[in-house]
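Here's the letter readout for the chains.
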Amino acid sequence: MRWHVFLLVALNLPSSLVAAPEVLPTFTKPTLIAHRGASADAPEHTLAAYELALKQGADFVEPDLQLTKDGVLVCLHDSSLERTTNVAEVFPDRAKEVKGKKTWPVADFTLAEIQKLDAGSWKAAKFAGAKVPTFQQMIDAVKGKAGIIPETKASESQGKVGMNLEKALMEVLKTNKLDARGADPKTPVIVQSFSADSLRALRKDCGCKLPLVYLIRDEDGAAQKLQRRLKEIREFADGIAPHKAIVLAQPGLVKDAHDLGLSVTVWTFRVGLTGKFKDVREEMAYYLRELKVDAVFTDHPDRFPRE
Ligand code: G3P
Ligand code: CA
C-alpha cells in the first residue's frame with residue numbers, strides 16, 4: 001500500500017484532507033508488458049508480434065529503438081540486423097568485420113534499405129515478409145489499445161546519448177500527442193533505458209515529463225550495488241527495472257524502492273528460464289503477489305497471471 005493510501009485508511013480521513021503524493025505512480029495495477037511484442041509466438045519487434053500481444057491482453061507493448069542511417073527510429077533489439085533479418089543475403093557486401101565476425105550495423109542502413117529486409121522468416125516460414133517496423137508504425141498499431149514502453153537502445157550502442165535518439169523519440173511522441181503524462185489515458189507511455197545518461201538527457205535536455213525507468217543487468221554484486229544506488233537513481237528515474245535474479249536475491253529491494261517512490265519492474269519471463277518455478281505463469285505470480293513488483297516483461301503475454 002502506498003503511504004498516502006495507508007494514511008487515509010489509518011486515520012479514516014477524507015482524501016481531500018491528505019496531500020497527493022509528490023510523484024504519480026508509474027503503474028496503477030500489476031502490469032503485463034509484452035517483451036518485444038508477443039515474442040514467443042511471433043517474430044520479435046514485428047507488427048505481427050505487437051498485434052498478437054494486444055490480442056493476448058498486454059497492458060504495455062515494448063519497442064526497443066534503434067536509429068537508421070537517415071535518422072529514423074525503428075523497432076529492433078540488436079544494434080545490427082543479421083540475427084533477425086536476411087540482411088546477409090540482401091546486402092552481402094555491406095558487412096563490417098568486428099572481432100573476426102561479419103556484422104551489419106543498423107546505423108549503416110537507411111530506412112528504405114531496411115524495409116527491403118525480411119524480419120519474419122528466421123522465426124517461422126509463415127512469417128515470411130514481415131518488416132522491421134518504424135516506431136511510428138508501432139504507435140499506429142498500439143495507440144488507443146495499450147501503453148507503450150520504448151527502450152532507448154542506440155544511445156548506448158552508438159555512444160550518442162542526447163544527440164539523436166532521445167530527441168527523435170520525443171519528436172515522434174510529440175507528433176502523436178503522447179509526450180506528456182496522461183495525454184492519452186488509453187496509451188500511457190513510459191521510457192526505459194540501461195543508460196542513466198540517456199534518461200538524464202531525456203529529462204534535462206529534452207524536457208521529458210514522462211515516467212522514466214532505469215534497467216539494471218544481473219552482474220556480480222548487482223543487488224548490493226543497486227541497494228546503495230536507490231537514492232541516486234531517484235534523481236533521474238521514476239522506477240527501477242532490475243533483472244529478475246536481482247530481486248530474487250534481495251527481495252527487500254522492492255519495499256526499499258517503493259518507500260522512495262520508485263516503481264519496480266522485472267524482466268524477462270519466458271519458458272525455459274523459470275528456475276525453481278513450475279512454469280512461467282507461476283513464476284510471474286510469485287514476483288507480482290509475493291515479492292510485490294509492479295510490472296513484468298514477458299515473451300508470453302498469454303500466460304500472465306490475472307486474478
Ligand atoms: O527492457 C527490458 C528488457 O527488455 C531488457 O532486456 O535485452 O531484452 O532489451 P533486453
Ligand atoms: Ca528491451
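Residues numbered from 1 in each chain as written. Chains lettered and ligands numbered in written order. Predicted model: local features only at pLDDT ≥ 70, side-chain atom pairs only at ≥ 80, totals over all residues. Heavy atoms only, no water.

Asker: Quick question: what am I supposed to make of unusual backbone geometry here?
Answerer: In terms of backbone geometry, most residues other than glycine have negative phi values and most peptide bonds are trans. In this structure, T268 follows W267 across a cis peptide bond, with omega equal to -15 degrees. Mapping T268 onto the fold places it in strand β12 (residues 263-269). With a phi close to 60 degrees, R36 is a non-glycine residue in the positive phi region. Looking at the secondary structure, you find R36 in the loop between β1 (31-34) and α2 (47-55). With relative accessibility at 13%, the residue R36 sits in the buried group. Although it is not a glycine, K292 sits at a positive phi angle of roughly 65 degrees. Residue position: K292 is located in the loop between α12 (280-290) and β13 (295-298). (Helix = DSSP H or I, 4+ residues; strand = E, 2+ residues; numbered from the N terminus. Buried < 20%, exposed > 50% of the residue type's maximum accessible area, 1.4 Å probe, protein only.)

Asker: What is the right way to look at the nonpolar core in this model?
Answerer: One broad rule of soluble globular proteins: the nonpolar side chains tend to lie buried together. By size, the foremost hydrophobic cluster in this structure holds 63 residues, and its most contacted members are V61, L73, F135, V142, I240 and V293. Among the elements that line this core, the one with the most residues is helix α7 (residues 165-175), at six residues. When neighbours within four sequence positions are excluded, V142 is seen to be in contact with Y50, L54, V61, G147 and I148. If you look at the next biggest cluster of nonpolar residues, it comprises 13 residues, including V74, V106, F109 and L111. (Core = buried A, V, L, I, M, F, W, Y, C linked by side-chain atoms within 4.5 Å. Contact = heavy atoms within 4.5 Å.)

Asker: How should I be thinking about the side chain of D118 in this particular structure?
Answerer: Examined against the element boundaries, D118 turns out to sit in the loop between α4 (111-114) and α5 (135-142). Comment: no salt bridge for buried D118; closest opposite-charge side chain is K131, at 6.8 Å. Of the polar contacts made by the side chain of D118, one reaches the backbone nitrogen of G129; its length is 3.2 Å. (Lys, Arg positive; Asp, Glu negative; His and termini not counted. Salt bridge = Lys/Arg side-chain N within 4 Å of Asp/Glu carboxyl O. Polar contact = N/O pair within 3.5 Å; in protein donor to acceptor, adjacent residues only side chain to side chain.)

Asker: Is there a simple way to think about the side chain of T68 in this case?
Answerer: Residue position: T68 is located in the loop between β3 (64-67) and β4 (73-75). Using a relative accessible area of 5% as the deciding quantity, one classes T68 as buried. A polar contact of 2.7 Å, which involves the side chain of T68, links it to the side chain of D70. Setting aside anything within four residues of it in sequence, one finds T68 in contact with V74, V106, A107, F109, T110, L111 and I114.

Asker: How should I be thinking about the state of the cysteines in this particular structure?
Answerer: Simply put, the disulfide is a covalent bond whose two ends are the sulfur atoms of two cysteines. Within this structure, the stated rule accounts for zero disulfides. C206 carries a free sulfur, and the closest cysteine sulfur to it, the one in C208, is 7.5 Å from it. (Disulfide = S-S within 2.5 Å.)

Asker: Explanation requested: the coordination of the calcium ion (ligand 2) in the structure shown.
Answerer: As a benchmark, a tetrahedral metal site with four donors has ideal angles of 109.5 degrees, while an octahedral site with six donors has ideal angles of 90 or 180 degrees. Surrounding the calcium ion (ligand 2) are the protein donor atoms E62 (OE), D64 (OD) and E151 (OE), which sit 2.1 to 2.4 Å from the metal. Between the six donor atoms coordinating the calcium ion (ligand 2), the angles at the centre fall across 59 to 162 degrees, so the site counts as irregular. Between consecutive donor residues of the calcium ion (ligand 2), the sequence gaps follow E-x1-D-x86-E. Assessed through its relative accessible area of 2%, E62 is described here as buried. The class for D64 is buried, based on a relative accessible area of 1%. (Donors = N, O, S within 2.8 Å, 3.2 Å for Na, K, Ca; no water. Tetrahedral: all angles 85-135°; square planar, octahedral: opposite > 155°, others 65-115°.)

Asker: Honestly, the environment of V280 in this entry has me stumped. Any pointers?
Answerer: Assignment of secondary structure puts V280 in helix α12. Residue V280 is classed as buried on the basis of its relative accessible area of 2%. Each C-alpha atom, one on V280 and one on R303, is 7.1 Å from the other, the two residues being 23 residues apart in sequence. If we ignore the near neighbours within four places in the chain, the residues touching V280 are F269, R270, V271, T274, H300 and R303.

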